[in-house]
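Chain residues, written in single-letter form:
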Amino acid sequence: MADLKITNLHKHYSGVQAVRGIDLEVASGEFTVLVGPSGCGKSTLLRTIAGLETPDGGTIEIGGRVVNYVRPRDRDIAMVFQNYALYPYMNVFENIAFGLRARKTPQAEIETRVRRAADMLGITPLLERLPRQLSGGQRQRVAIGRAIVRNARLFLFDEPLSNLDAQLRDEMRSEIKRLHQELGTTMIYVTHDQIEAMTLADRIVLLRDGKIEQAGTPLDLYERPATRFVAGFLGSPQMNFVPAQLAQSGGGWAVKVGSDVSLPLPARQGDGLSDGRAIVLGLRPQYVTRANGSHRPGHERLGVTVELVQPTGSRAYITFPLGGVPIVAELESHDVQRPGERIDLDLDMNRAVLIDPESNRVI
Amino acid sequence: MNARPPFFRRPGIVLALRYAAAVALTVGFLFPVYWLFIISFKTPEEIFAFPPVWYPKSVQFANYAVLFKDGDAVTVWNSLVLAGVSTVIAMVLGTICAYSLVRFKTGGENLAVWIISQRMMPPIAIAFPVFLLYVFFGWVDSYHGLIILYTAFSLPYVIWMMRGYIEDLPLELEESALVDGLTRWEVLWKVVFPMVRSGLFATAVFTFVFAWNDFLFALVLTRTEVITYTVQVTHYFGGQSNFWAKIAAMSVLGTIPVFFTVAVLQRYLVRGISMGAVKG
Ligand SMILES: Nc1ncnc2c1ncn2[C@@H]1O[C@H](COP(=O)(O)OP(=O)(O)O)[C@@H](O)[C@H]1O
Ligand SMILES: [Mg+2]
């Protein structure tokens, strides 16, 4: 059963159309991540689900009940905010107990539930402290604790980790994932960070300009992006986009880049393909590898001159020109020593993405 | 090697000069207060003695006793009731209005400016119309009459100040509380009030002092029943002679409540005022 069902949702602020026609269903227990660039309407969507904003059109159902005009407190949701939103004049215990007290929970039950949540998050020794005596990571744990004691039907997170430094962010990310596995609650998580989205989500909903660009499992979106935007948004370093042309070659099709490079496409049927058609070839940096002796099926060999080397430790990002644009490849760090070197690379054309330059949709 | 700084730059000298300036200023400001205070303890002979008596030989409370015996001291109580009640009402109403202005954008930008502009009006300009109105309603010389008037006069100030403090609150605190199960009114009471506590107290002190010090309206709108201490003091300036002892004693009585209010709330007062100051 769907815990959350959104139908044709619209929301605008004076002059700005923040959400324009979103349909979304979230199954019970699912971890859904709303991801997209800043300003695409993620927070607006989440806040409308929470009842902090009233939709201008469409319906929101939580647990089968239309809640468009139901107050936030009656929606059975818990929410974690980016800047923690802890009450500075209450200690950690009281902050976590806040929602329970608001609902007149008996004192004994408050005690047990707060302690259990604190145990889960490893903040039991901090219960007597005030928020200002905590570090950023500890504050975020308290904020999460405040949400989980409530046993709400739906958990909403609005960029909960973006105020933390990189290391803490990784740590808290695993923590949240673990919590979801332990609690099994339906969670909706907003972030602009594609790595967070990929690592946390059962299902990613990628938003752009107030609309859903594509929704699916992380691997779905990564391997079968529907548009150039999705292809470019997920993955790091970003997917390479090379202007090219389609050409008939042998029994199949090939991608012609410039005048002298032709890259045959394995296992491509004729649908929508025509000789000489302009396309954009999309290829992830991870699908370009240093050539070794053997020839792998579907891999095309290319001799290139390395222009730039960026070592990251075990891997190195190199840049070389192809079809007039710089292409990034992620190689083993010992594959390349310095710029100027000429090397042979294998391009995995099984993984190539063909994009129509007019509509920016994947062919 | 002679590294001694010039005379007026030596640390000891600088410090001494600073203290001297501070002491001079303090004495300058405090002497009138001291004089008032000391007169209230003097006998009539001491008050008019020449050369002046800098400090009384013996402290005697006759001047105060007479105020209580004649019932004049009740005017301080009147002032306390009027200022206290009107402050509480103005604070509660004003904070609610300010919250509405900030969170629900009630009246847009203009309403807030219009409200504070009411505060600019010279009281004397409306004293007479209000008097006529009060005669019509039969509110002259009553507690509620002056309480309503002081409340009305303080409200714009309270709304303006509280609006500033509330604007500085992070919205997420309130939203989080709404999601966690509070109603709007509970949010106001349990989240907003505690968060703006310093500002609340600072504003309340100024509101209280305004009503406490009011002379004009009290003079126009009271006769015999709810005379305030400020009006009472003027009764001691006679055609033939001035009752300096009573004036001094009554003034001291009138100063004590304000003194205590400020002393008790000093911590909040300083913080509240600087909260506003930082915001600018
Ligand atoms: N309270 C508001 N008033 C006016 N415009 C807003 C408000 N909140 C958001 N917006 C606008 O709506 C759009 C979507 O905002 P938001 O949902 O916060 O984006 P995101 O969370 O994806 O960064 C943005 O263009 C933003 O400027
Ligand atoms: Mg946002």
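As the structure is a computational prediction, the values presented were derived from the model and not from experiment.

Enquirer: Can you lay out the interface of chain A and chain B for me, pointing to particular residues and giving the numbers?
Expert: At the junction of the two partners, chain A supplies 22 residues and chain B supplies 16 residues. Both faces considered, chain A and chain B share a buried interface measuring about 1700 Å² in area, 60% of it formed by carbon and sulfur atoms. Taken as a group, Arg73(A), Tyr87(A) and Tyr89(A) account for 29% of the area that chain A buries against chain B, more than any other trio of residues on that side. For the pair chain A and chain B, the number of links is 3 salt bridges. A salt bridge links Arg146(A) to Asp180(B); the shortest N-O distance between them is 3.8 Å. Counting every contact that joins chain A to chain B gives 11 residue pairs in polar contact (both at pLDDT 80 or more).

Enquirer: Break down the domain arrangement of chain A for me, citing the residues and quoting the values.
Expert: Under the domain assignment, chain A is made up of domain 1 (4-227) and domain 2 (240-355). If you average the C-alpha positions of domain 1 of chain A and of domain 2 of chain A, the two centres end up 40 Å apart.

Enquirer: Before we move on, can you summarise the domain arrangement of chain B with the specific residues and values?
Expert: Residue and element names in this part refer to chain B. As assigned here, chain B comprises domain 1 (7-60) and domain 2 (68-273). With centres defined by C-alpha atoms, the gap from domain 1 to domain 2 works out at 33 Å. Buried surface at the junction of domain 1 and domain 2, both sides included, amounts to about 530 Å², of which 89% is carbon and sulfur. Looking only at domain 1, the three residues that lose the most surface to domain 2 are Leu36, Ser40 and Ile47, adding up to 61% of its buried area. Where domain 1 meets domain 2, there are 0 salt bridges. Remark: the boundary between domain 1 and domain 2 carries 0 residue pairs in polar contact (both at pLDDT 80 or more). Listing elements by their share of the side of domain 1 that touches domain 2, those giving two or more residues are α1 (11-39) and α2 (44-48). Of all the elements, α1 adds the most residues to the side of domain 1 that touches domain 2, at 3 residues. Classifying every residue of the side of domain 1 that touches domain 2 gives 5 nonpolar, 1 polar and no charged.

Enquirer: Residue-level account of the site of ligand 1, with values.
Expert: All names here are of chain A. Neighbouring ligand 1 are Tyr13, Val16, Ala18, Ser38, Gly39, Cys40, Gly41, Lys42, Ser43 and Thr44. One of the backbone nitrogen or oxygen atoms of Gly39 is found 2.7 Å away from an oxygen atom of ligand 1. At 2.5 Å from an oxygen atom of ligand 1 is found a side-chain nitrogen or oxygen belonging to Thr44. Computed on the free molecule, ligand 1 has an accessible area of 560 Å², of which 60% lies beneath the protein chains in the complex. Breaking the shell around ligand 1 down by element, the ones donating at least two residues are β2 (16-27) and α1 (42-50). Here the shell around ligand 1 gets 3 residues from one element, more than from any other, and that element is α1. Among the residues making up the shell around ligand 1, the classes are represented as 4 nonpolar, 5 polar and 1 charged.

Enquirer: Just give me the short version of empty space enclosed by the protein, but keep the residues and values in it.
Expert: Rolled over the atoms, a probe sized like a water molecule indicates the empty space that remains. All names here are of chain A. Evaluation of the coordinates by the stated rule reveals 1 cavity of 30 Å³ or more. Forming the walls of the largest cavity are Asn240, Val242, Leu281, Leu283, Val288, Phe320, Leu322, Ile327 and Leu347. If you list the elements that add at least two residues to the lining of the largest cavity, you get β11 (240-249), β14 (278-283) and β18 (315-322). Grouping the constituent residues of the lining of the largest cavity by class yields 8 nonpolar, 1 polar and no charged.

Enquirer: Break down the sheet that holds strand β15 (residues 288-290) of chain A for me, citing the residues and quoting the values.
Expert: All names here are of chain A. Reading across from one edge, β15-β20-β16 is the order of the 3 strands in this open sheet, with antiparallel pairing throughout. Either end of the sheet is taken by a strand with one partner, and the two such strands are β15 and β16 (299-305). Pairwise comparison of adjacent strand axes, ignoring direction, gives a mean angle of 35° for this sheet. For β15 and strand β20 (residues 342-348), the ladder comprises 3 bridges, and the chain directions are antiparallel. Within the sheet, the bridge partner assigned to Thr289 lies in β20 and is Asp346.

Conventions and cut-offs
Per chain, residues are indexed from 1 in the order of the written sequence. Note on labels: chains are lettered from A, ligands numbered from 1, in written order. In view of the model being predicted, local features appear only for residues whose pLDDT reaches at least 70, and side-chain atom pairs are presented and counted only at 80 or more, with totals across whole chains, interfaces and linings using the full set of residues. Here the side-chain values reflect all heavy atoms present in the structure, with hydrogen atoms and water set aside. Whether two residues touch is decided by their heavy atoms; if any such pair falls within 4.5 Å, the residues are in contact. Here's the idea: put two parts together, see how much 1.4 Å probe accessible area each one loses, and the total over both is what we call buried area. Throughout this description, the term salt bridge denotes a Lys or Arg side-chain nitrogen within 4 Å of a carboxyl oxygen of Asp or Glu. Throughout this description, a polar contact denotes any pair of N or O atoms lying within 3.5 Å of each other; where both atoms belong to protein, one of them has to be capable of donating a hydrogen while the other can accept it, and for residues adjacent in sequence the pair is counted only when both atoms sit in side chains. By convention here, the domain bounds are inherited from an automatic or database domain assignment. A run of H or I in DSSP becomes a helix once it reaches four residues, and a run of E becomes a strand once it reaches two; helices and strands are each numbered from the N terminus. Throughout, the ten residues Ala, Val, Leu, Ile, Met, Phe, Trp, Tyr, Cys and Pro are labelled nonpolar, Asp, Glu, Lys and Arg are labelled charged, and all others, Gly among them, are labelled polar. Whether a residue is near a molecule or strand depends on its heavy atoms: if one lies within 4 Å, it is near. The accessible surface values rely on the Shrake-Rupley method and a 1.4 Å probe; as for residues, cover is taken only from the protein chains in view. Cavities and pockets were defined on a 1 Å grid built from protein atoms only: a cavity is a group of points that admits a 1.4 Å probe but offers it no way out, a pocket is an open group of points flanked by protein on both sides within 12 Å along at least five of seven lines, and a lining residue is one with an atom within 4 Å of any such point. Grid points are joined across faces, edges and corners, and a volume is the space filled by probe spheres set on the points. In this description, strands pair whenever DSSP reports at least two bridges between them. Lines fitted to C-alpha atoms define the axes, with helix axes restricted to the stretch in contact, and inter-axis angles between N-to-C directions lie between 0 and 180 degrees.

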